[in-house]
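Structural description and commentary
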Amino acid sequence: MVDVSSKGGEAACTGRNLQAVNSLSFSRRSFLAKTSCFGAFYALAKLIPLAALAAELASDSRVSPTPIVDKGFASVRKIGSGLYATISDPSKGYTTICNGALRMVSQVPVKGALDTHYHFDHSMGNSFYGANGVPLWAHATTAKRMVDNYSPMQGADKGAVLGPLEKRVKDAKSDIERQHAQSDLNAVTGLFQIANATVLGLPNHPIDPARLPMSIDLGGLTAVIESYAGHSGTDLIVRVPEQNVVYTGDLLFSGWYPVCFDEKATVSGWRDTLKKFAAFDKDTLFVPGHGQICGQEGIAALREVFDDIAGQAEKMYKAGLPAEEAQHRYLVPDKFKNFPIYAWGFTIGPAITKLYAEWQGK
Ligand SMILES: [Zn+2]
């Protein structure tokens, strides 16, 4: 979620998240404490604290060296003139999942908000904007994808939704497969709880990707919306070219394994997108969907992760190992051992099966 607010010539634009506006943070905080939506959900991520700012960024004059607000579970940094980013730290609590937020640093009127894509952790704060008359922008297919994916869960029988995943845990052929199945069960349990506890709010300003890039004058600040392939089929980024700042949504997982499960996710498309990001100015500041603010080194790291997954998968493919087995055999190398894995079957597993499908020409 990217919020945009303006007052006179001053404009502010922040990262995206589940509930980008502070008053919602507090109401949702107590609400989430009751439902403990994220307890099981970030079972792996919670063990790994948010990475510190890279040394180059700590001395970058655009970035406030220490957060201007720090709530533990999330902290806000100024990252440019009129630009802010709120970065979540799931190791300190699950009030927010992804990055975003504005109300903690400013009370100026919110003129608009943008869903970077349809996924629940970025869109299930939408009803707050609707209730407050804030126009909500998103890729043209975001509303439909939200309805198609999350409405059926509302009121569904929990056993029917989770049963097949519980069976996978029970029937697992090895400890590794059992762990992977358990991480998937945890993730879907969290999703089911959130979907049932949330009033879906649909964006009312659909953006036709054919009309992008689109420049928006925020009063002294020009933001450019662009669309790229890779993570969800609904991905938008917001660039502020004059300041070399880019809000990427989930096209960038900074210091995390990428979430690739979406039926519209494409590994080759995503890798192409990262190559384009790598060609952005060398001083570009990226605000990712998950993980720490970063420079080009964050893009390079995610490209390396994809290279590593593809490299391991290719060896297994050439050795004739079926995709169903190969998806469980990836070994996390030492250099990525601190990269959170949201759930195996949402990240590495589907990355491998999608790569296999690409190689098989499916
Ligand atoms: Zn996502």
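Residues numbered from 1 in each chain as written. Predicted model: local features only at pLDDT ≥ 70, side-chain atom pairs only at ≥ 80, totals over all residues. Heavy atoms only, no water.

Note the cis peptide between L212 and P213, where omega equals 5 degrees. Here P213 lies in the loop between strand 8 (205-207) and strand 9 (214-217). At N244, a position not held by glycine, the phi torsion is positive, near 55 degrees. Along the chain, N244 turns up in the loop between strand 11 (236-240) and strand 12 (245-254). The class of N244 is partly exposed, set by a relative accessible area of 25%. (Helix = DSSP H or I, 4+ residues; strand = E, 2+ residues; numbered from the N terminus. Buried < 20%, exposed > 50% of the residue type's maximum accessible area, 1.4 Å probe, protein only.)

A word on the packing of helix 6 (residues 158-171) against helix 7 (residues 175-197). Orientation of helix 6 relative to helix 7, taken along the N-to-C sense of each, is 165 degrees, at an axis distance of 8 Å. On the basis of their axis angle, the class for helix 6 and helix 7 is roughly antiparallel. Judged by the sense of rotation from one axis to the other, the crossing of helix 6 with helix 7 is left-handed. Here helix 6 contributes K158, V161, L162, L165, E166, R168 and V169 to the contact with helix 7, which in turn contributes R178, H180, A181, Q182, D184, L185, V188, T189, F192 and Q193. (Axes fitted to C-alpha atoms, helices over the stretch in contact; angles between N-to-C directions. Parallel < 35°, antiparallel > 145°, perpendicular 65-115°, else oblique. Left-handed = near helix turned anticlockwise from the far one by under 90°. Contact = heavy atoms within 4.5 Å.)

As a further point, take the packing of aromatic side chains. One pass over the full model with this rule turns up 20 aromatic pairs. With a centroid separation of 6.4 Å and an interplanar angle of 15 degrees, the aromatic rings of F280 and F286 are classed as stacked. Accessibility expressed as a relative area gives 0% for F286, which makes it buried. Ring centres of Y356 and W359 lie 6.2 Å apart, and the angle between their planes is 50 degrees; on these two criteria the pair is classed as tilted. You can see Y356 and its partner W359 sitting in helix 11 (residues 348-359), three residues apart, about one turn around the helix. A relative accessible area of 2% places Y356 in the buried class. On the basis of relative accessible area, W359 is assigned to the partly exposed category, the value being 31%. Here the aromatic residues Y257, Y330, F336, F339 and W344 are joined through ring pairs into a cluster of three or more. Above the ring of F280, the side-chain terminus of R239 is found at 3.8 Å from the ring centroid. (Phe/Tyr/Trp six-rings, centres within 6.5 Å; stacked < 30°, edge-to-face > 60°. Lys NZ or Arg CZ within 6 Å of the ring centre and 35° of its normal.)

Our next topic: the coordination of the zinc ion. The textbook angles at a metal center are 109.5 degrees for a tetrahedron of four donors and 90 or 180 degrees for an octahedron of six. Bound to the zinc ion on the protein side are H117 (NE2), H119 (ND1), H231 (NE2) and D250 (OD), at distances that span 2.2 to 2.3 Å. One can describe the site at the zinc ion as irregular: its four donor atoms subtend angles covering 85 to 175 degrees at the metal. (Donors = N, O, S within 2.8 Å, 3.2 Å for Na, K, Ca; no water. Tetrahedral: all angles 85-135°; square planar, octahedral: opposite > 155°, others 65-115°.)

Here we take up helix 6. Relative to the 20 Å expected for 14 residues at 1.5 Å per residue, helix 6 spans 20 Å between its end C-alpha atoms, a close match to the ideal helical length. Maximal helix bending in helix 6 amounts to about 30 degrees, located at P164. Packed against the buried residues of helix 6 are helix 7. (Expected span 1.5 Å × (residues − 1). Bend = angle between axes of the 7 residues up to and from the residue.)

A full pass over the atoms with the stated rule returns 13 salt bridges. Ionic pairing is found between K318 and E314, a salt bridge with its closest N-O pair at 3.1 Å. Taken together, the residues span about one helical turn, with K318 and E314 both in helix 9 (residues 296-318) at a distance of four residues. You can call K318 exposed: its relative accessible area is 66%. The network of salt bridges with shared partners includes R145, D262 and E263. (Salt bridge = Lys/Arg side-chain N within 4 Å of Asp/Glu carboxyl O.)

Along the polypeptide, R178 turns up in helix 7. Its relative accessible area of 32% is what places R178 among the partly exposed residues. For R178 and R168, which are 10 residues apart along the polypeptide, the C-alpha to C-alpha distance reads 7.5 Å. Apart from the residues within four sequence positions on either side, R178 is in contact with V169 and A172. Looking at R178, its side chain comes within polar contact range of the side chain of D175, at 3.0 Å. (Polar contact = N/O pair within 3.5 Å; in protein donor to acceptor, adjacent residues only side chain to side chain.)

What follows is about the side chain of Q327. Position of Q327 among the secondary structure elements: in helix 10 (residues 323-329). Beyond its immediate sequence surroundings of up to four residues, Q327 is in contact with W344, G349, I352 and T353.

Strand order in the open sheet made by the five strands is 9-10-11-12-13, with mixed pairing throughout. The sheet is open, and its two borders are formed by strand 9 and strand 13 (285-291), each paired with just one other strand. Strand-to-strand twist in this sheet, taken as the mean axis angle between neighbours without regard to direction, amounts to 30 degrees. Across six bridges, strand 12 lies against strand 13 in parallel orientation. The partner of V246 across the bridge, within strand 13, is F286. Contacts between helix 8 (residues 267-278) and the sheet are confined to strand 11, strand 12 and strand 13, with strand 12 contributing the most and set at about 145 degrees to the helix. Running at roughly 25 degrees to strand 12, helix 9 makes contact with strand 12 and strand 13 of the sheet. (Pairing = 2+ DSSP bridges.)

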